[in-house]
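In case you want the letters, here they are:
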Amino acid sequence: MNLRIDRINSEGLHPTPGYHHVTVVEAGRTAYLAGQCPLDPTGAVVGLGDLGRQIDQIAANAHAALAVVGARPEDVIRTVIYVVSTDVEVLADAWRRLNSSVVGAAFTSASTLLGVAQLGFPGQLIEVDFTAALPD
């Protein structure tokens, strides 16, 4: 575990399904990943109509992007998840699948999960933003 990152839940706030309300990081280098989309190396949307396949592609893409800067999922300090749905069960399923993915440790930090009307690519069902504290 990166000792520069402290994840905190306050007794005065509601319990969470795995994330923490507050993430504190000592000053240092930070990486802001562009929104990770379910695109393959050619730029094509993967898994049209299949949220699970799109999540798997995003997880693989995020893992690769983090590795380029020497970061691991445990170094992620903030995520924002956008899912094209207003169905609470679809949002919960997306949360669970992300948490069980190769980048699942990223979602123990401060996280936001949003249902949205549309994303940037035709057929895109999910996008995830990651911010990571970089190791020294």
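Computed from a predicted model, the values in this text were never measured in an experiment.

A few words now on the packing of aromatic side chains. For the structure shown, the criterion picks out three aromatic pairs. Geometrically, the ring pair formed by Y19 and W95 is edge-to-face, given 5.9 Å between the ring centres and 85 degrees between the ring planes. Of this pair, Y19 sits in the loop between β1 (5–8) and β2 (22–25) while W95 is found in helix α2 (residues 88–99), placing the two residues 76 residues apart along the sequence. Since its relative accessible area comes to 9%, W95 is described here as buried. Here the aromatic cluster, defined as three or more aromatic residues joined through ring pairs, consists of Y19, W95, F107 and F130.

The next point concerns a nonpolar patch on the surface. On the surface, I8, V22 and V24 cluster together into a nonpolar patch covering about 200 Å² of accessible area. Residue placement: V22 occurs in strand β2.

Our next topic: the environment of C37. With respect to the helices and strands, C37 occurs in the loop between β3 (30–32) and α1 (51–68). When the C-alpha atoms of C37 and L66 are compared, they prove to be 14 Å apart, with 29 residues separating the residues in sequence. Setting aside residues no more than four positions away along its own chain, C37 makes contact with I58, N61, F121, Q124 and E127.

Reading the values: the criteria
- Residues numbered from 1 in each chain as written.
- Predicted model: local features only at pLDDT ≥ 70, side-chain atom pairs only at ≥ 80, totals over all residues.
- Heavy atoms only, no water.
- Phe/Tyr/Trp six-rings, centres within 6.5 Å; stacked < 30°, edge-to-face > 60°.
- Helix = DSSP H or I, 4+ residues; strand = E, 2+ residues; numbered from the N terminus.
- Buried < 20%, exposed > 50% of the residue type's maximum accessible area, 1.4 Å probe, protein only.
- Patch = residues over 30% accessible without salt bridge, like charges linked within 9 Å, V, L, I, M, F, W, Y side chains within 5 Å.
- Areas by Shrake-Rupley, 256 points an atom, 1.4 Å probe, with all protein chains shown as cover.
- Salt bridge = Lys/Arg side-chain N within 4 Å of Asp/Glu carboxyl O.
- Contact = heavy atoms within 4.5 Å.

Interpretation in functional terms is not warranted from these geometric data alone.
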